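# Chains, contacts and geometry: an overview
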Amino acid sequence: MTDDVRNIVLGAALAVIGAALGWLARTYLWKRRLRRKQAFFGLPENSESLLVVNRDAGGPDLTVVRHDVAALLELSALIKDCGAHSQLVAHDAAQQGFGERTEFCVGHPSANRRMAAHLHSLLPGIHLNTDPEPGPDRGAFHIGGETYRLEPGKTEYAFFARLTAGQGHMTRPVFVFCGQRAITNQAATRYLARQHEKLARKHGNNSFVLLLKVVNSQAYGSDVVELVADVTKAAQTPAAVEVAPQKGHRAS
């Protein structure tokens, strides 16, 4: 074998070895990233999860409004990426505890019994104004003594939370997405879809509650979302007294 042939063979072998090592490194990083994602969402391979939504008024069939459908599509993609499965359940049919399966609950407590139960049990520090009468605080969020008012199409709020309750094997999280309007539910799920890696690095697999502001939805839809604050402590602390409106706060 001449030196030229030997060099060609060695070069080809090194190229094959380099390609194999690169593939192995990429595969390892992809699997590690997937495991972190599965741990954050509580969705190991082939696990089951629940998608809980409002049942639209007017009949017994499960009819979901357009923006909530978009929210469910965002969540379904995340579930599929984890190699897990999902079951769509109406809010008044999800009569079971939490912790055994990961749950994604979307909607406002005025129309979603499951959401109302989660707020009462897991987030007692959040009060939502559900008064049907017109007024400046209609639809407002009250969290930690602060009031976040609704200006439809201009300034709207939503919160989403990753919550765990239970010990041992009963530790699958509950994700709740609650907005002042249906479009803000979609905005909250989209925020999670875009930011879940950053959130997993910051919060790990612990509980957290984030308040979001949806900016000018009449022009930008659900795309422009700002993080207002981490309200975990306030949301999980029962209010000592009924929250009173804060004059001029968040009414921009």
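Presented here is an overview of the structure given in this document. Predicted model, so just to flag it, every value in this text is computed and none were measured.

The subject of this paragraph is the overall build of the protein chain. Along the protein chain, the regular secondary structure elements total 6 helices and 10 strands. Considering the protein chain as a whole, with its 252 residues, one finds that 41% of them fall into the buried category. The long-range share in the protein chain, meaning contacts at least 24 apart out of those at least 6 apart in sequence, stands at 68%. Carbon and sulfur atoms form 54% of the exposed surface of the protein chain, whose accessible area is close to 13,600 Å².

It is worth spelling out the sheet that holds strand E7 (residues 155-163) at this point. Taking strand neighbours across the sheet as the criterion, the 7 strands line up as E2-E1-E3-E8-E7-E9-E10 in an open arrangement whose pairing is mixed. Two strands lie at the open edges of the sheet, namely strand E2 (85-90) and strand E10 (225-230), each paired on one side alone. On average, each strand axis in the sheet is tilted by 20° relative to the strand beside it, whichever way the strands run. With 6 bridges connecting them, strand E1 (residues 48-53) and E2 associate as parallel partners. Across the sheet, the residue bridging to Val 52 is Val 89, located in E2. The sheet contacts of helix H2 (residues 66-81) involve E1, E2, strand E3 (102-106) and strand E8 (174-179), and relative to E1 the element is tilted by about 170°.

Below, the discussion takes up the packing of H2 against helix H4 (residues 182-203). Two numbers describe how H2 lies on H4: the axes approach to 7 Å, and their chain directions differ by 15°. It follows from the interaxial angle that H2 and H4 lie roughly parallel. Viewed along their axes, H2 and H4 form a crossing whose handedness is left-handed. Where H2 abuts H4, its residues His 67, Asp 68, Ala 70, Ala 71, Glu 74, Leu 75 and Leu 78 lie against Ala 182, Ile 183, Asn 185, Gln 186, Thr 189, Arg 190, Leu 192, Ala 193 and His 196. Its residues assigned to classes, the contact of H2 with H4 shows 8 nonpolar, 5 polar and 3 charged.

To continue, consider H4. The end-to-end C-alpha distance of H4 is 27 Å, clearly below the 32 Å that 22 residues give at a rise of 1.5 Å each. The sharpest bend along H4 measures roughly 70° and falls at Gln 195. Just beyond H4, the residue with positive phi is Gly 204, at close to 65°.

It is worth spelling out the state of the cysteines at this point. Note: disulfide means a covalent bond formed between the sulfur atoms of two cysteine side chains. For the structure shown, the criterion picks out 0 disulfides. Take Cys 178: it sits in no disulfide, and the sulfur closest to it among the cysteines is that of Cys 105, at 8.7 Å.

All right, on to the nonpolar core then. Membership of the largest hydrophobic core comes to 26 residues, with the highest contact counts inside it found for Phe 41, Leu 75, Phe 104, Phe 160, Phe 177 and Leu 192. Contributions of two or more residues to this core are made by helix H1 (3-41), E1, H2, E3, E7, E8, H4 and strand E9 (208-215). Element by element, the count of residues in this core is highest for H2, at 5 residues. When near neighbours in sequence (up to four residues on either side) are disregarded, Phe 104 contacts Phe 41, Leu 43, Ser 49, Leu 50, Leu 51, Val 52, Leu 75, Ile 79, Phe 175 and Phe 177.

Another aspect to go through is the sheet that holds strand E6 (residues 146-148). Spatially, E4-E5-E6 is the arrangement adopted by the 3 strands of the open sheet, whose pairing is antiparallel. Looking along the sheet, the strands with just one partner apiece sit at the ends: strand E4 (126-128) and E6. Each strand axis lies, on average, 20° off the axis of its neighbour in the sheet, ignoring direction. Where strand E5 (residues 141-143) meets E6, 3 bridges bridge the pair, whose relative direction is antiparallel.

Further remarks concern a positive patch on the surface. Taken together, the side chains of Lys 31, Arg 32, Arg 35, Arg 36, Lys 198, Arg 201 and Lys 202 define a basic patch exposed on the protein surface. For the positive patch, the secondary-structure elements that each account for two or more residues are H1 and H4. Top contributing element to the positive patch by residue count: H1, with 4 residues. Note that Arg 36 resides in helix H1.

Another point: the environment of Ser 121. If you trace the backbone, Ser 121 turns up in helix H3 (residues 113-122). Measuring from C-alpha to C-alpha, the distance between Ser 121 and Gln 236 comes to 9.3 Å, with 115 residues separating the pair along the chain.

Okay, the packing of aromatic side chains next. Enumeration over the complete set of coordinates arrives at 11 aromatic pairs. Ring geometry for Phe 141 against Phe 159: centres 5.6 Å apart, planes inclined by 65°, an arrangement best described as edge-to-face. Separated by 18 residues along the polypeptide, Phe 141 in strand E5 and Phe 159 in strand E7 bring together distant segments of the chain. Taking the relative accessible area as the measure of exposure, Phe 141 reaches 0% and is therefore buried. Taken together through their ring pairs, the aromatic side chains of Phe 40, Phe 41, Phe 104, Phe 160, Phe 175, Phe 177, Tyr 191 and Phe 208 make up a single cluster.

Rules and cut-offs
- Residues numbered from 1 in each chain as written.
- Predicted model: local features only at pLDDT ≥ 70, side-chain atom pairs only at ≥ 80, totals over all residues.
- Heavy atoms only, no water.
- Helix = DSSP H or I, 4+ residues; strand = E, 2+ residues; numbered from the N terminus.
- Buried < 20%, exposed > 50% of the residue type's maximum accessible area, 1.4 Å probe, protein only.
- Contact = heavy atoms within 4.5 Å.
- Areas by Shrake-Rupley, 256 points an atom, 1.4 Å probe, with all protein chains shown as cover.
- Pairing = 2+ DSSP bridges.
- Axes fitted to C-alpha atoms, helices over the stretch in contact; angles between N-to-C directions.
- Parallel < 35°, antiparallel > 145°, perpendicular 65-115°, else oblique.
- Left-handed = near helix turned anticlockwise from the far one by under 90°.
- Nonpolar A, V, L, I, M, F, W, Y, C, P; charged D, E, K, R; others polar.
- Expected span 1.5 Å × (residues − 1).
- Bend = angle between axes of the 7 residues up to and from the residue.
- Disulfide = S-S within 2.5 Å.
- Core = buried A, V, L, I, M, F, W, Y, C linked by side-chain atoms within 4.5 Å.
- Patch = residues over 30% accessible without salt bridge, like charges linked within 9 Å, V, L, I, M, F, W, Y side chains within 5 Å.
- Salt bridge = Lys/Arg side-chain N within 4 Å of Asp/Glu carboxyl O.
- Lys, Arg positive; Asp, Glu negative; His and termini not counted.
- Charge placed at Lys NZ, Arg CZ, Asp CG, Glu CD.
- Phe/Tyr/Trp six-rings, centres within 6.5 Å; stacked < 30°, edge-to-face > 60°.

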